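# Summary of the model geometry
One-letter residues, chain by chain:
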Amino acid sequence: VAPLVQKVQAHGRKLAIVGGGPSVQMKLAKLRKWKGDIWAINATVGYLMRKGIKSTLVTVDPKVLDHTDFVEHLGAQDALLGACCDPALFRAYAGKVRAFYTRPNARAPFVAGGANTTVTRLPLVAHNLGYKEITFFGCEGSYRDTSHVGENRRGDKRIYILAGGVRYCTEPYMLLQDQWLADLIARFPANCKEESGGLLRAMIRHPDWTELACPIR
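Residues numbered from 1 in each chain as written. Predicted model: local features only at pLDDT ≥ 70, side-chain atom pairs only at ≥ 80, totals over all residues. Heavy atoms only, no water.

Moving on, we get to the overall build of the protein. Looking only at helices and strands, one finds 7 helices and 10 strands in the protein. Taking 2.2 N^0.38 as the reference for a compact globule, 217 residues should give roughly 17 Å; the C-alpha atoms of the protein span a radius of gyration of 17 Å, in line with that estimate. Within the span of the protein, comprising 217 residues, buried residues form 50% of the whole. Taking the intrachain contacts of the protein between residues at least 6 apart in sequence as the baseline, contacts between residues at least 24 apart amount to 56%. Just so you have it, the protein exposes about 11000 Å², and 51% of that area is on carbon and sulfur atoms. (Helix = DSSP H or I, 4+ residues; strand = E, 2+ residues; numbered from the N terminus. Rg over C-alpha atoms; globule rule 2.2 N^0.38 Å. Buried < 20%, exposed > 50% of the residue type's maximum accessible area, 1.4 Å probe, protein only. Contact = heavy atoms within 4.5 Å. Areas by Shrake-Rupley, 256 points an atom, 1.4 Å probe, with all protein chains shown as cover.)

See the structure below:
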């Protein structure tokens, strides 16, 4: 059984939370020089490892991973996993993994609430681990050709968003995620920042964004 993440006092270390958006490719130099801690979401761990960047694996996804996806989750320095995650991940990171709950539980020192994706659950984990400044990378929530670095998981349902005169292609789960993140960053600009660009930045700068079409193949 993995130990649970415990609340700690605030400190001065900065945190980069890195999603799998294509924009990460343009931020590798910045991440290599990052003076702080780096959390990589799901298979982003494998991508960063191949680029020579060390990270902590973070995920709350409850699915059982197939072999290819499982391998991409390996190679991190350590792991912070939702208690609902694939038991194989806990075994792979035995001795260097801590767990947290995303739903109320009698054992939970805190509950990592949020929205529909892993990244939306992490600000509360980070807050309880004492981080006062978080920067989001690879969470742009939009794409042209490839949905994620290292792989393409484009779905059939596309949504087009108009923000600041620019059209962005997204998908329902990405849109919900970025609505949540945009609101968080707008409310706490001193604590939450983004280096993702794309739809996320557009939604922050242009809260009057509009939906053009949904869904479309």
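What follows picks up the thread again.
The next thing to look at is the pairing of strand 2 (residues 36-41). In terms of strand pairing, strand 1 (residues 14-18) meets strand 2 through 5 bridges, oriented parallel. Note on strand 2: the bridge partner recorded for I17 is W39. In this structure, strand 2 lies alongside strand 3 (residues 56-59), joined through 3 bridges in parallel fashion. Counterpart to W39 in the pairing with strand 3 is T56. The handedness of the strand 2 to strand 3 crossover, carried by helix 2 (residues 44-50), is right-handed. (Pairing = 2+ DSSP bridges. Right-handed = clockwise from strand over helix to strand, strands pointing away.)

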